[in-house]
Amino acid sequence: MLRGMGKRRTLTIIGSSALALGLLALIAWPIVAAGQRGAVLVYPDAKAFVCETGDVSYLEDSDEHDPAFTQSLALTKDLDCDLRFHVLNNSSTTVQLSGATYEMFGPSVGAGVNVDRIDGQPSRFVNEGRDAQWVMRHPIAIEPGSEFFLVAHVVFNPNSCLGLQAYEIDDSPILTISALGIAGARVTGYGAVAFTGTAQSDGGC
């Protein structure tokens, strides 16, 4: 009788330990996934703007970033440019890229520029036309140590209301990245791109 009770007590301890380990895994899994997503770097290419038509220079007065590396695009009506970012997977697991949102790059914003295509696909304008968005039907797998070259097409915004001033962006695009089956946002860092107003870009004011 005592021997049987000892066996039941052992089974109870084993069961409790397994439950505790399971709960710990459930708690730790999202934390580990977030850490893996955090190891994905998103940054502008050394030649961020490549244009068929459009004038690119370096921003002379940058608040936070080295102006030698902050490229600025003049906002003229003939813009036909690609805006290029690297998505580098520095994590230890394969991640999935399933979308990108370029905030304030939509037609309802008077900032002077629209993103009309992302990775060759027409943009979807969301948030009352403020943002340009790309949602993939089939996510792209990026292996550890590999990168994806994200290219958006930039054109002039006819609703532009920007005078002779410059502004820089260092937190767009925002990417949707999944690691270990859990999705989250990854914000651009490690550099900025800039836009410089012209006489043509304040016509919508």
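A few points on the structure. (Residues numbered from 1 in each chain as written. Predicted model: local features only at pLDDT ≥ 70, side-chain atom pairs only at ≥ 80, totals over all residues. Heavy atoms only, no water.)

In this section: the overall build of the chain. In terms of helices and strands, the chain carries one helix and 14 strands. In the chain, which comprises 205 residues, the proportion classed as buried is 42%. Contacts in the chain between residues far apart in sequence, at least 24 positions, make up 78% of those at least 6 positions apart. Carbon together with sulfur atoms contributes 57% to the accessible area of the chain, which is approximately 11,100 Å² in total. (Helix = DSSP H or I, 4+ residues; strand = E, 2+ residues; numbered from the N terminus. Buried < 20%, exposed > 50% of the residue type's maximum accessible area, 1.4 Å probe, protein only. Contact = heavy atoms within 4.5 Å. Areas by Shrake-Rupley, 256 points an atom, 1.4 Å probe, with all protein chains shown as cover.)

We now examine the sheet that holds strand S12 (residues 174-179). Whether parallel or antiparallel, the strands of a sheet pair through hydrogen bonds between backbone atoms. Ordered by their spatial adjacency, five strands build an open sheet running S8-S9-S5-S12-S13, and the pairing between neighbours is antiparallel. With one partner strand each, in any of the chains shown, strand S8 (124-126) and strand S13 (182-187) form the two edges of the open sheet. Pairs of neighbouring strands in the sheet enclose a mean axial angle of 30 degrees, with direction left out of account. Across six bridges, S12 lies against S13 in antiparallel orientation. Across the sheet, Ala-179 pairs through a bridge with Ile-182, a residue of S13. (Pairing = 2+ DSSP bridges. Axes fitted to C-alpha atoms, helices over the stretch in contact; angles between N-to-C directions.)

Here we take up the side chain of His-153. Within the secondary structure, His-153 sits in strand S10 (residues 147-156). Using a relative accessible area of 10% as the deciding quantity, one classes His-153 as buried. At 2.6 Å, the side chain of His-153 forms a polar contact with the side chain of Asp-80. In this structure the side chain of His-153 is engaged in a polar contact, spanning 2.8 Å, whose partner is the side chain of Asp-116. Beyond its immediate sequence surroundings of up to four residues, His-153 is in contact with Asp-80, Cys-81, Asp-82, Asn-114, Val-115, Asp-116 and Arg-117. (Polar contact = N/O pair within 3.5 Å; in protein donor to acceptor, adjacent residues only side chain to side chain.)

A sheet is described by the order of its strands in space; here four strands give the open sequence S2-S3-S14-S11, paired in mixed fashion. In this open sheet, the two strands that pair with only one neighbour each are strand S2 (56-58) and strand S11 (166-169). The mean angle between the axes of side-by-side strands here comes to 30 degrees, regardless of whether they run parallel or antiparallel. Two strands pair when backbone bridges link them, and S2 and strand S3 (residues 71-74) are joined in this way by three bridges, in the antiparallel orientation. For Tyr-58, the partnering residue across the bridge sits in S3 and is Gln-71.

A separate point is the environment of Tyr-190. One can find Tyr-190 in the loop between S13 and strand S14 (193-196). Spatially, the C-alpha atoms of Tyr-190 and Val-42 are 7.4 Å apart, while their sequence positions differ by 148 residues. If near-sequence neighbours (up to four positions away) are discounted, Tyr-190 is found in contact with Leu-41, Val-42, Tyr-43 and Pro-44.

Taken as a class, soluble globular proteins show a tendency for nonpolar side chains to be buried jointly. With 36 residues, the main nonpolar core has Leu-83, Val-87, Tyr-102, Phe-105, Leu-150 and Phe-195 as its most contacted residues. At the level of secondary structure, the elements contributing two or more residues to this core comprise strand S1 (40-53), strand S4 (80-89), strand S5 (95-102), strand S6 (113-118), strand S9 (131-142), S10, S12 and S14. Phe-105 has contacts with Leu-83, Val-113, Asn-114, Val-115, Phe-125, Arg-130, Asp-131, Ala-132, Ile-169, Ser-172 and Phe-195, leaving out every residue within four places of it along the chain. (Core = buried A, V, L, I, M, F, W, Y, C linked by side-chain atoms within 4.5 Å.)

Time to look at the packing of aromatic side chains. All told, the structure shown has four aromatic pairs when counted by the stated rule. Ring geometry for Tyr-102 and Phe-105: centres 5.8 Å apart, planes at 85 degrees, overall edge-to-face. Residues Tyr-102 and Phe-105 agree in their burial class; the two are buried. Connected via pairs of aromatic rings, a cluster forms that spans Phe-49, Tyr-102, Phe-105, Tyr-167 and Phe-195. (Phe/Tyr/Trp six-rings, centres within 6.5 Å; stacked < 30°, edge-to-face > 60°.)

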